Protein chains: 6
Amino acid sequence: MRLLVINSNTTDSVTARIAAAARGAARPGTVVEAVSAPFGLPLIVSRADWLVAGPATLAALADRRGSYDAAIIACFGDPGLDAAKELAGVPVIGISEAAFHAACMLGRRFGIVSFTAALRPMFEDVLAHHGLASRCAGFRMGPAFAGDPGLVAEQRAALLVDLCRQSVEQDGAEAVILAGGPLAGLAPVIASQVPVPLVDGTVAAVRLAEALVGLAPPHAAAAPRPRALTGFGDPLARLYAG
Amino acid sequence: MRLLVINSNTTDSVTARIAAAARGAARPGTVVEAVSAPFGLPLIVSRADWLVAGPATLAALADRRGSYDAAIIACFGDPGLDAAKELAGVPVIGISEAAFHAACMLGRRFGIVSFTAALRPMFEDVLAHHGLASRCAGFRMGPAFAGDPGLVAEQRAALLVDLCRQSVEQDGAEAVILAGGPLAGLAPVIASQVPVPLVDGTVAAVRLAEALVGLAPPHAAAAPRPRALTGFGDPLARLYAG
Amino acid sequence: MRLLVINSNTTDSVTARIAAAARGAARPGTVVEAVSAPFGLPLIVSRADWLVAGPATLAALADRRGSYDAAIIACFGDPGLDAAKELAGVPVIGISEAAFHAACMLGRRFGIVSFTAALRPMFEDVLAHHGLASRCAGFRMGPAFAGDPGLVAEQRAALLVDLCRQSVEQDGAEAVILAGGPLAGLAPVIASQVPVPLVDGTVAAVRLAEALVGLAPPHAAAAPRPRALTGFGDPLARLYAG
Amino acid sequence: MRLLVINSNTTDSVTARIAAAARGAARPGTVVEAVSAPFGLPLIVSRADWLVAGPATLAALADRRGSYDAAIIACFGDPGLDAAKELAGVPVIGISEAAFHAACMLGRRFGIVSFTAALRPMFEDVLAHHGLASRCAGFRMGPAFAGDPGLVAEQRAALLVDLCRQSVEQDGAEAVILAGGPLAGLAPVIASQVPVPLVDGTVAAVRLAEALVGLAPPHAAAAPRPRALTGFGDPLARLYAG
Amino acid sequence: MRLLVINSNTTDSVTARIAAAARGAARPGTVVEAVSAPFGLPLIVSRADWLVAGPATLAALADRRGSYDAAIIACFGDPGLDAAKELAGVPVIGISEAAFHAACMLGRRFGIVSFTAALRPMFEDVLAHHGLASRCAGFRMGPAFAGDPGLVAEQRAALLVDLCRQSVEQDGAEAVILAGGPLAGLAPVIASQVPVPLVDGTVAAVRLAEALVGLAPPHAAAAPRPRALTGFGDPLARLYAG
Amino acid sequence: MRLLVINSNTTDSVTARIAAAARGAARPGTVVEAVSAPFGLPLIVSRADWLVAGPATLAALADRRGSYDAAIIACFGDPGLDAAKELAGVPVIGISEAAFHAACMLGRRFGIVSFTAALRPMFEDVLAHHGLASRCAGFRMGPAFAGDPGLVAEQRAALLVDLCRQSVEQDGAEAVILAGGPLAGLAPVIASQVPVPLVDGTVAAVRLAEALVGLAPPHAAAAPRPRALTGFGDPLARLYAG
């Protein structure tokens, strides 16, 4: 199967890192193509960022229409997810969504651990959106972080192990989601120090996307009612041209 | 006060109609400016439409930055709302949000009535997003509608009165929201035939936006961290330029 | 418009303070009349107090029937609110209710801050009654307080700033309600030290009551079925006399 | 044990009927004293009625203070319940509360059946207040009823059997609450025609009140802080006099 | 009445202790018979234990079929409860279920206190199963415990008093459940040091089981459809033999 | 990978049918072993059945311990699921659980369709257990069915298509679960007549089990504390023997 992985921001070095992680998680027969958002922002940290990342993500999907069997939105917060599901005609899954569902299947209640409390409101929003708040044992977040996001996983690894253990021992978590883009790849590094399954969003999304392909009999995708879409460039305009 | 009313689609005739409705609801001292989305779609009916309408709505807000004391997103589904609240530095309210909160203050449980069941998923989404599902007595929606949206309020007025009454008598609604853009302006026409308050989203949003101006002491707006935003044209790029 | 503000207790000095606060928040054209409960208790702190304050509040409303366009129940806990909405024929809003709805419109999740944990059960009750628990980021309450309520806002101002900041930084609150009668008027004093909107219940209620007048087309008020009401004095007995 | 049963309205014939029902449900050692509210309304049908019934109910409790081991508030909607629990120093239970908890213990999900949809909003309120909405399989209510409440149980018995069966067969109810004062005593009459337990609020309250006496070790009751209470007559004033 | 009390584990000394506690709580006319599970485990601490305890509990019920008027499942977590209710034809109540419902009737929100956080996931599960999470003010649990369960109540009594007080003062609990088998009997010992009702599951279950007998008119029990049940021994096989 | 599929009942012909369905859904590299419960019941239709099926299912898992990489509990209601997850040391998933999570990932709200309303309580229970009630658009169930379960899918195919369409058009379902063992295999037959994805529990479970293997880094399984387990035969006794 062909799996399109969309980095919702425009930073190609991040896209390359996501591509490597996705390929590492994929089955032999899965061909991973990873793309950056064709426009938008180099980094997504606020609600406004998340908003503009939505159509940028959808544009990436529209641009490759027909060339993939499933797609992943590789950005916590799942920008553009509901619209992508509506239009894609193939399974589309976000990495937050994937982490939540995988964690539910691996344990009765899951903790959400991240390096900074600044991400909590966004995780609360997306958790509520997916309707899984009752399965969440709680958040354990580190203090404000002003350094280089690319180094935070290494710099705060010991703190994160502590937070994972608190989540298990004090909150009763039976699986833990390591949340936040900069923590991608950390799970196997610290797994031996945490007594429950550690879930990485990208890995979960790759495995679940593979599972969803062919899970349900095909049905017709909902093409948008043809209309003139302005301001978003070619791929989305073509999608709406009918 | 200066109130910016944003029609999240690009159809100026709809904007003119919304402007008239907003002016009819506004206090004497309120100056209403209504604008169309600077780009996007002429009509918003699906989740994908709603997604692209988000940045288009935010662009309209950014374009007039500094020229208004509050803003209204005059599109059911409230596209771009959370981002707009984050960035605007002044109150921003969506017409779904306004209708839900106004209805809550006017009655213990509210019904949602619209002309077609096709809108129900979107209303369910936005109701859940605002966390008010427990205040909703239920939906009463008409059958599929394939005609001219501009005429549906008139053509289905009798049906809508019936649905409102069912909502009151069978579901226990103590206020009813007439939901869906094409029903704007219908509330005063049929109010005498319905025994509870009928809420119109645009009217509610105007009144509540006026109320929110000055309600809380001013605090600094959160300007976005400066970054290069591409693909959305001038107003949003400037907003992100810092 | 004429706005009746009811202090649900019988202490006229408190009524005078509420009246001043309400007038400070009201628009130029709003005529504020503030009244004490015609009977009941000088101070409301327990569930039993709250219970007896309900008919006392309703009696104040009944006594002035026809002389106001909207009314405010200026007592946290909103005693008598649902009955008042049922009977008044004009909008009635409680200050807890107003604070919750205003805070929702100003931020995605709101914190509730007060000077003493002793008030938490009552706030939990009224929050649940209004169905908005999922919008609340959490409570931050000071320790037991045995001093003069009239001085607590001043004495605990620094503590309250700390609690507000904890609510924002640790709980992710995007608006904060300063809850409890004795904190009325504190919001503008400490607002500059808190990075999100601070909501005062009385101010919120005045602004929202003004908004609700005329928001929905008039409908007939529900007069009570005529019956002999005993034990509550003239205004309520007349209301029930039909 | 001595059980005080309070009819929250002032109609002694209703009190007599409740007394008989309570005595029929009580154990041999239980002495039932039934009293009417000392003031208030002859019939309770609206939210305002319910409000004034609260202090009237509390006054009846205060008047007999020290003469009972537990008390029942024999009025659907449980007026004054939370205040009564706070002050009584002995168990107090409402008939709605009792019906909900008993039904939960008798079946996984319970239906609520009544003779008229007009009562639904009140039942929804009290169900939500007790936090048991997720255990309720749904409401099945008859149409508007304009006749003599004293005859409705008989006149609508066949309809009520049908509604009970619909609740079981279509909603999956495993216990059914016959709700509404006028249906007291109907359960044994129609029980053989309904395949699940039928719960009567007064019977449930008597049995559960007996159970609660001595269930937990005694603890000090919370006497109200002494204050001058005006407007409610002797028993409540004395209660507050300290 | 005849009350069957089932210890879901196979340890007769525990059964004897439960029997004594149940007899201490029962009314004079109640004949308590306590039995151990006829097979299964000597101690129940995990989800797998709880699972095998379910049919073992049901077998005890089946074995004495016809010899009791109500039954209690005296094991936190209520193993086999829903099946037992389905088949018994008489009221069956679990001690978790009983504690939750009793606590709800004794206070608006209840705390759950136990000696070790290890039990929290199981209590969360059973609390959610009974749908009463919104009535729970929170958990206060001691640290890991590796000693003799038979001594923990004595060894940690002071800690448990502290946890109860924190539940009341910081979480707003108005009743507290002392949860976990090894704490049975502790409530009267520490009650004078805690300002709200302390609920013991076994005592609550005995009192509520007595209350449920005769509460609703009898209805036919659901006998299982006759089938060959293998692997569970005589009592369950006979139950299924029809 | 080696996938153990457990039919929680003892009927080998059903096991054979499940095995065929699982093999049809599995990837080439997946080796499916299907086993019947080693003891228990030939058909599972009630809560008591479900209870005894739990340890029977766990025994099947214990019997093959070490011979599979993941397991599926192929019985709606997911008997034994939480215990199996606790003990297996590899992913275990139930077909209800799988259907719910897959449906969530394929559409915003899912409908549950089955041939008879008699199954609704069990589906409600398991839906609530997995915490996904807010994602469910509603149930559409056929009338009581007294015929041969093996023929119901064929006999009621047209009715089921109608129910699926009602779920989509009236309830807003964006995916539909065909629930109930006898409907296994029906999805591809009727998919072309339903405009949204149709989810079959067994297929979903196979695909999701494959996805979960290796999704999270390995962690130590929780072996039960060694104890003498009686009454369940060899595999479970050995599991507990340590």
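Residues numbered from 1 in each chain as written. Chains lettered and ligands numbered in written order. Predicted model: local features only at pLDDT ≥ 70, side-chain atom pairs only at ≥ 80, totals over all residues. Heavy atoms only, no water.

Observations concerning the pattern of salt bridges
This model, assessed by the stated rule, comprises 90 salt bridges over all chains. Across the pair A:D49 and B:R227 runs a salt bridge whose closest N-O atoms are separated by 2.7 Å. Of this pair, A:D49 sits in helix 2 (residues 47-63) while B:R227 sits in the loop between helix 9 (201-212) and helix 10 (234-241), each in a different chain. Comparing A:D49 with B:R227 shows no difference in burial state: the two are buried. A salt bridge links C:E210 to C:R207, with the nearest nitrogen and oxygen atoms 3.6 Å apart. Separated by three residues within a single helix, C:E210 and C:R207 lie in helix 9 (residues 201-212), roughly one turn from each other. You can call C:E210 buried: its relative accessible area is 1%. (Salt bridge = Lys/Arg side-chain N within 4 Å of Asp/Glu carboxyl O. Helix = DSSP H or I, 4+ residues; strand = E, 2+ residues; numbered from the N terminus. Buried < 20%, exposed > 50% of the residue type's maximum accessible area, 1.4 Å probe, protein only.)

Quick word on the arrangement of the chains
Chain A shows no contact with chain D. Their nearest C-alpha atoms sit 14 Å apart. Across all C-alpha pairs, the smallest distance from chain B to chain E is 14 Å, and the two are not in contact. (Contact = heavy atoms within 4.5 Å.)

Some thoughts on the environment of E:P91
Residues and elements named next belong to chain E. Locating P91 in the fold gives a position in the loop between helix 3 (81-88) and strand 4 (92-94). As a C-alpha pair, P91 and L215 span 124 residues in sequence and 9.6 Å in three-dimensional space. Dropping the residues within four chain positions of it, P91 is found in contact with D69, A70, A71, L212 and V213.

Observations regarding the interface of chain C and chain B
Between chain C and chain B, the contact holds 39 residues from the first and 39 residues from the second. For the pair chain C and chain B, the summed buried surface comes to about 3,200 Å²; carbon and sulfur atoms form 63% of the total. C:R108 is the salt-bridge partner of B:D82, the closest N and O atoms lying 3.9 Å from each other. At the surface where chain C touches chain B, the tally comes to 13 residue pairs in polar contact (both at pLDDT 80 or more). When contributions to the side of chain C that touches chain B are tallied by element, the ones reaching two or more residues are helix 3 (81-88), strand 4 (92-94), helix 4 (95-106), helix 8 (187-190), strand 8 (198-200) and helix 9 of chain C. (Buried area = accessible area lost by both parts, 1.4 Å probe. Polar contact = N/O pair within 3.5 Å; in protein donor to acceptor, adjacent residues only side chain to side chain.)

Considerations on the relation of the copies chain B and chain D
Turning chain B through 120° and shifting it by 0.0 Å along the axis lays it on chain D, with an RMSD of 0.0 Å. Expressed as an axis order, the relation between the two copies is that of a three-fold axis. Considering only C-alpha atoms, the part of chain B nearest the rotation axis is B:S134, at 6.5 Å. (Least-squares fit on C-alpha atoms with pLDDT ≥ 70 in both.)

Side note on the nonpolar core
Ranked by internal contacts, the top residues of the largest apolar core, which has 137 residues, are B:I72, B:F110, C:I72 and C:F110. The contacts of B:I72, once residues within four sequence positions are left out, are B:L3, B:L4, B:V5, B:I6, B:I93, B:I95, B:A205, B:V206 and B:A209. Listed in part, the 136 residues of the second largest apolar core include D:I190, D:L215, E:F100 and E:V199. (Core = buried A, V, L, I, M, F, W, Y, C linked by side-chain atoms within 4.5 Å.)

Some thoughts on the interface of chain B and chain D
Between chain B and chain D, the residue contacts involve seven residues of the former and six residues of the latter. Summed over both sides, the interface between chain B and chain D buries roughly 490 Å², with carbon and sulfur atoms accounting for 36% of that surface. Among the residues of chain B in contact with chain D, B:R108, B:R109 and B:E174 are the three that bury the most area, contributing 62% of the side total. At the boundary of chain B with chain D, the tally comes to four residue pairs in polar contact (both at pLDDT 80 or more). Across the side of chain B that touches chain D, the residue classes break down as no nonpolar, two polar and five charged. (Nonpolar A, V, L, I, M, F, W, Y, C, P; charged D, E, K, R; others polar.)

Structural notes on the sheet that holds strand 5 (residues 110-114) of chain F
Residue and element names in this part refer to chain F. Strand order in the open sheet formed by four strands is 6-5-7-8, with parallel pairing between adjacent strands. Two strands lie at the open edges of the sheet, namely strand 6 (136-141) and strand 8 (198-200), each paired on one side alone. Averaged over neighbouring strand pairs, the angle between their axes works out to 25° when direction is ignored. Bridge count between strand 7 (residues 175-178) and strand 8: three bridges; the pairing is parallel. Paired with I177 across the bridge in strand 8 is V199. Along the sheet face, helix 5 (residues 120-129) touches strand 5 and strand 6 and points at about 160° away from the line of strand 6. (Pairing = 2+ DSSP bridges. Axes fitted to C-alpha atoms, helices over the stretch in contact; angles between N-to-C directions.)

Description of the side chain of C:D125
Looking at where C:D125 falls in the secondary structure, it is placed in helix 5 (residues 120-129). Within the structure, C:D125 has its side chain in polar contact with the side chain of C:R47 (distance 3.0 Å). Contact partners of C:D125, with chain neighbours within four places excluded, come to C:R47, C:W50, E:R108 and E:R109.

Considerations on the relation of the copies chain C and chain B
For the pair chain C and chain B, the superposition axis carries a translation of 0.0 Å, the fit reaches an RMSD of 0.0 Å, and the rotation angle comes to 180°. With respect to symmetry, the two chain copies, as superposed, fit the operation of a two-fold axis. Minimal C-alpha separation from the rotation axis in chain C is found for C:A211, amounting to 2.9 Å. A share of 100% of the interface residues of chain C reappears at the interface of chain B, consistent with the copies meeting face to face through the same patch.

Some remarks on the packing of helix 1 (residues 12-25) of chain B against helix 9 of chain B
Residues and elements named next belong to chain B. The geometry of helix 1 relative to helix 9 is characterised by a closest axis approach of 9 Å and an angle of 50° between their N-to-C directions. Considering the angle they form, helix 1 stands oblique to helix 9. When you trace helix 1 past helix 9, the crossing you get is right-handed. The segment helix 1 lies against helix 9, with A21, A22 and A25 engaging T202, V203, V206 and R207. When the residues that make up the contact of helix 1 with helix 9 are grouped by side-chain class, the tally is five nonpolar, one polar and one charged. (Parallel < 35°, antiparallel > 145°, perpendicular 65-115°, else oblique. Left-handed = near helix turned anticlockwise from the far one by under 90°.)

A few points about the domain arrangement of chain A
Residue and element names in this part refer to chain A. Domain boundaries assigned for chain A yield domain 1 (2-94 + 205-241) and domain 2 (96-200). A straight line from the C-alpha centre of domain 1 to that of domain 2 covers 24 Å. Interface of domain 1 and domain 2: buried area, both sides summed, is about 1,200 Å²; carbon and sulfur atoms make up 58% of it. Three residues, W50, F76 and L208, lead the burial of domain 1 against domain 2; their summed loss comes to 44% of the area buried on that side. (Domains from an automatic or database assignment.)

Regarding the packing of aromatic side chains
Summed over the entire model, instances satisfying the criterion amount to 27 aromatic pairs over all chains. Both rings, one in A:F232 and one in B:F39, keep their centres 5.3 Å apart while their planes meet at 80°; by these two values the pair is edge-to-face. Pair noted here: A:F232 is in the loop between helix 9 (201-212) and helix 10 (234-241) and B:F39 is in the loop between strand 2 (31-36) and helix 2 (47-63), and the two residues belong to different chains. The residues A:F232 and B:F39 share a single accessibility class, namely buried. Here a set of aromatic residues connected by ring pairs shows up, and it is made of A:F39, A:F232, B:F39 and B:F232. (Phe/Tyr/Trp six-rings, centres within 6.5 Å; stacked < 30°, edge-to-face > 60°.)

Some remarks on the pairing of strand 3 (residues 70-73) of chain B
Residues and elements named next belong to chain B. Across the two faces of strand 3 the burial is the same, with A70 and I72 and A71 and I73 all buried. In the sheet, strand 1 (residues 2-7) pairs with strand 3 via four bridges, with the strands oriented parallel. Across the sheet, residue L3 finds its bridge partner in strand 3, namely A70. Bridge count between strand 3 and strand 4 (residues 92-94): three bridges; the pairing is parallel. Among the inter-strand pairings, A71 is bridged to a residue of strand 4, identified as V92. One crossover worth recording links strand 3 to the parallel strand 4 by way of helix 3 (residues 81-88), and it is right-handed. (Right-handed = clockwise from strand over helix to strand, strands pointing away.)

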